[in-house]
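Here is what each chain is made of, one letter per residue.
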Amino acid sequence: MGYFYSESLHRLGRVDSDGYIYADNLQRIGRIDNDGYIYAENLSRIGRIDRDGFIFTDSLKRIGRIHADGYVFDEGLRRIGRVDMDIVKRILR
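Here's a quick rundown of the structure. Since the model is a prediction, treat every value here as computed from it, not as a measurement. (Residues numbered from 1 in each chain as written. Predicted model: local features only at pLDDT ≥ 70, side-chain atom pairs only at ≥ 80, totals over all residues. Heavy atoms only, no water.)

**Points about the overall build of the protein chain**
For step 1, the next point in the chain: Helix and strand counts for the protein chain stand at one helix and ten strands.
For step 2, the next point in the chain: A globule of 93 residues ought to have a C-alpha radius of gyration of about 12 Å, and the protein chain, at 12 Å, matches this closely.
For step 3, the next point in the chain: In terms of principal-axis extent, the alpha carbons of the protein chain reach across some 30 × 30 × 20 Å.
For step 4, the next point in the chain: Taken across its 93 residues, the protein chain has 38% of its residues classed as buried.
For step 5, the next point in the chain: If you sum the accessible surface of the protein chain, you get close to 5,700 Å²; carbon and sulfur atoms cover 51% of it.
For step 6, the next point in the chain: Across the protein chain, the 16 positively charged side chains and the 15 negatively charged ones have centroids separated by 1 Å. (Helix = DSSP H or I, 4+ residues; strand = E, 2+ residues; numbered from the N terminus. Rg over C-alpha atoms; globule rule 2.2 N^0.38 Å. Buried < 20%, exposed > 50% of the residue type's maximum accessible area, 1.4 Å probe, protein only. Areas by Shrake-Rupley, 256 points an atom, 1.4 Å probe, with all protein chains shown as cover. Lys, Arg positive; Asp, Glu negative; His and termini not counted. Charge placed at Lys NZ, Arg CZ, Asp CG, Glu CD.)

**Side note on the side chain of S6**
For step 1, the next point in the chain: By the secondary structure assignment, S6 is in strand β1 (residues 2-6).
For step 2, the next point in the chain: Take S6: its relative accessible area is 17%, and that puts it in the buried class.
For step 3, the next point in the chain: At a separation of 2.9 Å, a polar atom in the side chain of S6 contacts the side chain of S8.
For step 4, the next point in the chain: Sequence-distant contacts of S6, that is, excluding residues within four places in its chain, are made with L12, I80 and G81. (Polar contact = N/O pair within 3.5 Å; in protein donor to acceptor, adjacent residues only side chain to side chain. Contact = heavy atoms within 4.5 Å.)

In structure tokens, the structure reads:
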């Protein structure tokens, strides 16, 4: 489905079409479901990305945002990375 990158454009991993998240070494590390919930590989829910792209921990603390252009910002508005547009479309539909 798409890759995600650090701010220096180092590829960190990918998300497949089923929402599974893999590190760049292909180890599966989690999943994003169709409602934007983020799960660790052990299936514990660790956060959520809402339809506006805001990223929250499971305790509802807002920690960042994914913009429609694919750039990822922390809560201090510092750009910390980028995701492919296929990932953005899955999350911000």
